[in-house]
Amino acid sequence: MSSEGSYYVPEQSKLPIFASLGLFLTVYGAANWLNGDDSGPTIFFFGGLVFAFVLWQWFSTVITENINGLNSTQLKKSYVWGMGWFIFSEVMFFAAFFGALFYIRTMALPWLGGEGDKGVTNEILWQGFEAQWPLMVTPDMAVNGDAAQVKGPAQSMSFSSVESIWTWLPFWNTVILLTSSVTVHFAHTALKNNARKGFVGWLGLTVFLGICFLILQVEEYVEAYQHMGLTLETGAYGTTFFMLTGFHGAHVTLGTFMLLVMFLRAALKGHFHHDDCFGFEAASWYWHFVDVVWVGLFIFVYILG
Amino acid sequence: MAHGPAKGISRWLFTTNHKDIGTMYLWFSFAMFLMGGVFALVIRAELFEPGLQIVQPEFFNQMTTMHGLVMVFGAVMPAFVGLANWMVPMMIGAPDMALPRMNNWSFWILPFAFAMLASTLLMEGGAPNFGWTFYAPLSTTYAPPSVTFFIFAVHIMGASSIMGSINIIATILNMRAPGMTFMKMPLFVWTWLITAYLLIAVMPVLAGVVTMMLMDIHFGTSFFDAAGGGDPVLFQHVFWFFGHPEVYIMILPAFGVVSQIIPTFARKPLFGYASMVYATSSIAFLSFIVWAHHMFTVGMPVAGELFFMYATMLIAVPTGVKVFNWVTTMFKGSMTFETPMLFSLAFVVLFTIGGFSGLMLAIAPADFQYHDTYFVVAHFHYVLVPGAIFSITAAVYYWLPKWCGRMYDETMGKTHFWLAFLGLNLTFFPMHFVGLAGMPRRIPDYALQFADFNMIASVGAFLFGAAQILFLYNVIATIKKGKPATDEVWENPEGLEWTVASPAPYHTFTTPPQVK
Amino acid sequence: MLSRVGRLSACLLGLATMVGVNSTALAEEVERWGVNMPVGVTQVSRETYGLHMDIFWWCVGIGVVVFGVMFYTMIVHRKSNGAKASNFHESTTLEIIWTVVPFLILIIMAIPATKTLLKIYDFSETDMDIVVTGYQWKWKYEYLGEEVSFFSSLSTPREQIDNLAPKGPNYLLEVDEPLIIPTGKKVRFLITANDVIHAWWVPDLAVKRDAIPGYVNESWTIVDEPGVFRGQCAELCGKDHGFMPIVVKALPQDEFDQWLQTKKAEAATLRALTEKEFTFDELYSQGEAVYNRVCAACHQVNGAGVAGVFPAIKGSAIATGQMAAHLDIIVNGSKKNPAMAAFGPQLSEVDIASVITFQRNAFGNNMGDSVQPIDVLKFKQGGQ
Ligand code: HEA
Ligand code: HEA
Ligand code: CUA
Ligand SMILES: [Cu+2]
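Student: Which residues make up the pairing of strand β7 (residues 207-211) of chain C, and what values do they have?
Tutor: All names here are of chain C. The element β7 is largely enclosed, with a buried count of 5 among its 5 residues. Going residue by residue along β7, you find V207, R209 and A211 tucked away on one face and K208 and D210 tucked away on the opposite face as well. Of the pairings in the sheet, the one linking strand β6 (residues 198-202) to β7 comprises 5 bridges and is antiparallel in character. Following the sheet pairing, V202 is matched in β7 by V207.

Pasting the structure below:
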């Protein structure tokens, strides 16, 4: 480690190139797997292992450096900027999928159903198709009936009636996730006030809520696949429903994992200090972000669905 | 921090030094430029005469696709990131990039990504053959199996770009020397700050659209399939939401480079610094609301056509401000014409010509005639080759003495310039003509009336290629045996990078300089 | 080859002399060397051409001013001339001027562009509708309400493309059956595609519209005078994107009506043929023609296919196996790979029967069997 003045420039590191190798093997394996090559899964899991191991090392190094006091205030600020912009990039990733949902609902489907500028489409190609959302009858079904290749779902996930709200799973998911945003905030306040017990407790509760959310989400998917005939392959509704909630779920998984690591660091190693806790703060920002995305999902996928 | 570079290969594999990483980026991008150039030469060789001579249509499409992808993602973008790595810390008085290890990671992802992309050429069914814009469903339902590898390659090079940009933003926002206020930052730094912002905003959208493709291909979703309620045009909207800002990502840093070089050789401060900053920001803002000018013929509602036409035309205003500022910077200066200046001057003229044809394309009803013809090919090569490539070349000549402490051979530099200038205009100018006369792009064979101009273009392309070999030679010769350069290199150039020794020490500004 | 080099130098010479020649001579040169957009034959195409020239001259004008100042500076304010650098670097007035002036120019351009665009988007009061469908790599034209439809594909012989025969004057711009439209009528095109995106483009009509699978785009034209107009597919659509030209022939109304009657009669004859019993040789030779016209694009003339992309017919398991499977893949297409489209709706029963017979007996497949059109019809009707 070499540091001088207020700057800290880390020494040479083997981490980046092995991270690249791990990442490459992971996606190379995934591609082979998807293309039906037998070697795919092996390469994929091996690459994933390498990647996970390197990341583990990487974060350990960063934490150790910080504990050893090598990180200047300036470098810490760089981490803050880094995390902030990373979250912005995630926002844009979701924007692409929300954009797709918006386009399909307000442009594509009305055209297919015979409204608006490309309304002739309906007359020439999809006679009998009616635009509706959730899309239960696909254009393919409207024209080809049973011979259709893309069939709509039997049931949708949309909000049906006010009475049923207490048995409506997405409602509970919303409650859980919103609560978890509050608990993680309490954890932060507790830490700021040097109340370590409170910090660890609220953080643990947040992780617990995250896991609950995930369990319910899995439950919802199982329900969709097994009882509602709603799958990835059921036309535009299934497509957008699963892609949006799926990517959100993946992010919740990652967020929960991050918070879990923070929890373990706090509970077992006594990490984090009231004025030096960026690792935790980064995870909590991420968590808030995931929460905001959910609110968007809840409104646009479930309520207005 | 007295230690220098490590010995042997480990210096490059494990480095955290911004200069080493910058160097690797630059060499990598040059290698990709040659590879993309060879693909272009295959295209030009096939188009030398009408008829099918050298390659089959199937392979021709792969060449077009790989040429576009490799040039855009492999040559131009990494070259600018390399320049940013070298110059941004030196220009703002920082010791290194903000996140040095991540910096190395951003770089090392690229060789893997491009190795994977290039390997598709050897796969069964061939490489991606659907154009660098990979419109669905040609790139989904009808794609060769190698498309899966293409998708993942795009994913990881996107990750690399995002990390690289985060690093650059963090460096600029956080690592400036005391006194280096925003409005004192060199323009190259400004343009990169804005470029990095564009990158973080749109690379995830590209990741999103290739993910949608992946799902449509392998998991039965219906994003781009009307039978399930999707729309192939949805692909184009999402792609171009990325794609248009992407073309400014390839030109904004070029604006920055030229804004550094012209004042030096005009011996006069840059005219209208503040308006340059505002113009760059306006271009970046506008770039988010013009994407559908690539889609005038898809049958958008007329309100959409009009909106995108007007917004696109507007971009001419801030870009014009830049051009006028450059010219006024030269006005009443005391000009000399060293190689970097020659490339920059050619940049101003030829980029503007490319901009003019861009403006013509923006006129929606006229674009109904231009779209997907060689007129478009002429347009974007004028903004990319004498635009992006020339500015990168100019930057290399301008800063090479600072990087390696040796001066390049001026005669050889000028020969390179004139060969490249001639070759480029021979190649791309006639494309305007054949395009207007009706030659579609992405075709391996063409009707007889286009024959003459195509022949000229092919000759020009080989000439331009030869000029690049000279460039390579000149750079290597400079590094190996060039005459020692002074610290200032040029006459009174502005900027912190000229205050350090040539070659720049391995670690610069370990104690921050004070900027007045 | 030599002659081309000759023409080339003549062309360069022509371009060189163009400078300084007055503008009509310039226009003639431009016409002769094919360096500009065609004016076309419709109101819309003429307006488009006008817009194109207007914006072009604006750009030239601005270029002359900007580059003029720049070259003046480069010549006069050079160090070798002893120029001393002044130090000015700001002027709000200038910045405002060169923001506002281009903006005004843009407004001047935007007004006629908007007008023309609105005109192009006026789909009302059309006289007839033609559905244009893009297929890999041919076009299908269907006269709505007339029960007339046909495919139109490249007719340039393979030898010309492979440089084995001299190229004809309309090399790559000729088709077996052009689209016929009447003059003086507002013809509406309903443009769509069957597989990937294509674009239907005829420069002389200034019509270019993407053909998007699953959606229908509209466009229209009124051609005043009879004539033949050539265009090409303008969206990358796979291997033979460069080989799917468009030919539109405009006929006076009475000739057009006549043509339409003949076309209808032809369709009726074709339907009758389905009932007819064909000999093996008839089927085989007609099958060869169909094969070369339709299938050889992918499976190749010698039946060897393209390794890894298009399977060989020579020795193919299907072409040398059960007849039902062979019928199935041609009538219904392949479930695995959409490139092998369903040809049932595209080809007549006679064509399908003959191409099957051909494939089973050509390239050394020697199955010795054949199938009759009526069997194909039964297969089509008797379920999948
Ligand atoms: C570096 C890359 C770059 C840059 C900077 C630009 C700049 C511009 N581009 Fe270009 N463009 C591409 C790269 C780029 N483009 C690429 C790669 C494609 C094709 C993609 C594909 O399909 O494969 C493309 C395609 C493309 C199209 C789609 C064409 C089609 O497919 O039909 C259009 C249409 O509007 C367009 C417009 C413009 C405009 C208006 C600008 C403007 O920014 C230009 C502004 C500059 C000037 C106008 C000159 C200077 C100004 C003055 C001197 C002021 C006064 C001038 C006037 C008032 C006229 N571009
Ligand atoms: C920055 C981007 C960039 C750059 C620099 C270039 C550079 C060149 N391009 Fe580019 N081009 C694109 C971006 C770029 N292009 C894009 C985006 C497309 C659209 C693709 C699509 O349609 O999908 C395109 C399409 C395109 C076409 C149209 C293809 C078609 O429609 O089918 C053509 C045709 O002439 C062409 C030609 C050239 C040529 C001759 C060069 C020359 O400038 C290249 C010069 C370089 C060299 C010639 C290299 C020199 C090397 C050697 C001589 C070999 C030595 C070898 C070793 C030492 C190992 N390009
Ligand atoms: Cu059809 Cu290109
Ligand atoms: Cu654009």
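Don't stop here, the text continues.
Student: Can you lay out the pattern of salt bridges for me, pointing to particular residues and giving the numbers?
Tutor: Oppositely charged side chains can form a pair if their charged atoms are brought close together. Evaluation of the coordinates by the stated rule reveals 20 salt bridges over all chains. Measuring nitrogen to oxygen at the nearest pair gives 3.4 Å for the salt bridge that ties R158 of chain C to D162 of chain C. By relative accessible area, which is 39% here, R158 of chain C ends up partly exposed. Here D240 of chain C and K239 of chain C are joined by a salt bridge, their closest N and O atoms 3.2 Å apart. Taken as a pair, D240 of chain C and K239 of chain C share a single burial class, namely buried. Members of the salt-bridge network, linked through shared partners, are R267 and E491 of chain B together with K79 of chain C.

Student: Before we move on, can you summarise the confidence of the model for chain A with the specific residues and values?
Tutor: The predicted coordinates of low-pLDDT regions are not to be read in fine detail. Residue and element names in this part refer to chain A. With 97% of its residues at a pLDDT of 70 or more, chain A shows a mean pLDDT of 91. Per-element averaging of pLDDT across chain A places strand β1 (residues 2-4) at the bottom with 39 and helix α1 (residues 15-34) at the top with 96. For the stretch residues 1-5, pLDDT sits under 50, and the model shows 12 contacts to residues farther than four places along the chain or on other chains.

Student: So, the coordination of the iron atom of ligand 2: which residues are in play, and what are the values?
Tutor: Residues and elements named next belong to chain B. For the iron atom of ligand 2, the full set of protein donor atoms is H67 (NE2) and H381 (NE2), and the range of their distances to it is 2.0 Å. Around the iron atom of ligand 2 sit 6 donor atoms; with metal-centred angles ranging over 87 to 180°, the donor geometry is octahedral. With a gap of 314 residues between them, H67 in helix α3 (residues 57-92) and H381 in helix α14 (residues 374-404) connect regions that are remote in the sequence. The exposure class assigned to H67 is buried, which follows from its relative accessible area of 14%.

Student: Please provide a residue-by-residue account of the coordination of the iron atom of ligand 1, values included.
Tutor: In this structure, the iron atom of ligand 1 receives exactly one donor atom from the protein: H379 of chain B (NE2), at 2.1 Å. Here the copper ion (ligand 4) and the iron atom of ligand 1 are spaced 4.5 Å from one another.

Student: Give a description of empty space enclosed by the protein that names residues and reports values.
Tutor: Residue and element names in this part refer to chain B. Under the defined criterion, the tally for this structure stands at 8 cavities of 30 Å³ or more. Along its surface, the largest cavity is lined by 18 residues, and M77, P78, V81, S160 and S161 are the ones closest to its centre. Secondary-structure elements contributing two or more residues to the lining of the largest cavity are α3, α4 (100-119), α5 (147-174) and α6 (187-218). Residues that form the lining of the largest cavity fall into these classes: 13 nonpolar, 5 polar and no charged.

Student: Account for the site of ligand 2, with residues named and values stated.
Tutor: Residue and element names in this part refer to chain B. Residues in close proximity to ligand 2 total 32 residues, the closest being R44, H67, W132, H381 and R442. One of the side-chain nitrogen or oxygen atoms of H67 is found 2.8 Å away from a nitrogen atom of ligand 2. H381 places a side-chain nitrogen or oxygen 2.8 Å from a nitrogen atom of ligand 2. Elements supplying a minimum of two residues to the shell around ligand 2: α2 (18-46), α3, α14, α15 (410-436) and α16 (451-481). No other element matches the 8 residues that α2 contributes to the shell around ligand 2.

Student: Outline the packing of aromatic side chains, listing residues and values.
Tutor: To describe a pair of aromatic rings, you give the distance between the ring centres and the angle between the ring planes. By the definition in use, this model includes 113 aromatic pairs over all chains. In this structure, K208 of chain C is placed above the aromatic ring of W201 of chain C, and the distance from its NZ or CZ to the ring centre is 4.0 Å. The ring of F368 of chain B has R209 of chain C sitting right over it, with the charged end atom 5.1 Å from the ring centre.

Student: Summarise the interface of chain A and chain C; cite the residues concerned and give the values.
Tutor: How big an interface is tends to be expressed through the accessible area that disappears when the partners come together. Every contact between the two is made by 11 residues of chain A and, on the other side, 12 residues of chain C. Taken over both partners, the interface formed by chain A and chain C buries close to 880 Å², and the fraction arising from carbon and sulfur atoms is 67%. For the interface between chain A and chain C, the tally reads 0 salt bridges. The tally of links from chain A across to chain C stands at 2 residue pairs in polar contact (both at pLDDT 80 or more). Listed by contribution, the elements that provide at least two residues to the side of chain A that touches chain C are α3 (73-112) and α4 (120-125) of chain A. Looking at the side of chain A that touches chain C element by element, the count peaks at 4 residues for α4 of chain A. Broken down by class, the residue content of the side of chain A that touches chain C amounts to 7 nonpolar, 2 polar and 2 charged.

Conventions used here
Residues numbered from 1 in each chain as written. Chains lettered and ligands numbered in written order. Predicted model: local features only at pLDDT ≥ 70, side-chain atom pairs only at ≥ 80, totals over all residues. Heavy atoms only, no water. Buried < 20%, exposed > 50% of the residue type's maximum accessible area, 1.4 Å probe, protein only. Helix = DSSP H or I, 4+ residues; strand = E, 2+ residues; numbered from the N terminus. Pairing = 2+ DSSP bridges. Salt bridge = Lys/Arg side-chain N within 4 Å of Asp/Glu carboxyl O. pLDDT = per-residue confidence, 0-100. Contact = heavy atoms within 4.5 Å. Donors = N, O, S within 2.8 Å, 3.2 Å for Na, K, Ca; no water. Tetrahedral: all angles 85-135°; square planar, octahedral: opposite > 155°, others 65-115°. 1 Å grid on protein atoms, 1.4 Å probe; cavity = no way out; pocket = protein on both sides within 12 Å on 5 of 7 lines; lining within 4 Å. Points joined across faces, edges and corners; volume = space filled by probe spheres on them. Nonpolar A, V, L, I, M, F, W, Y, C, P; charged D, E, K, R; others polar. Near = heavy atom within 4 Å. Polar contact = N/O pair within 3.5 Å; in protein donor to acceptor, adjacent residues only side chain to side chain. Phe/Tyr/Trp six-rings, centres within 6.5 Å; stacked < 30°, edge-to-face > 60°. Lys NZ or Arg CZ within 6 Å of the ring centre and 35° of its normal. Buried area = accessible area lost by both parts, 1.4 Å probe.

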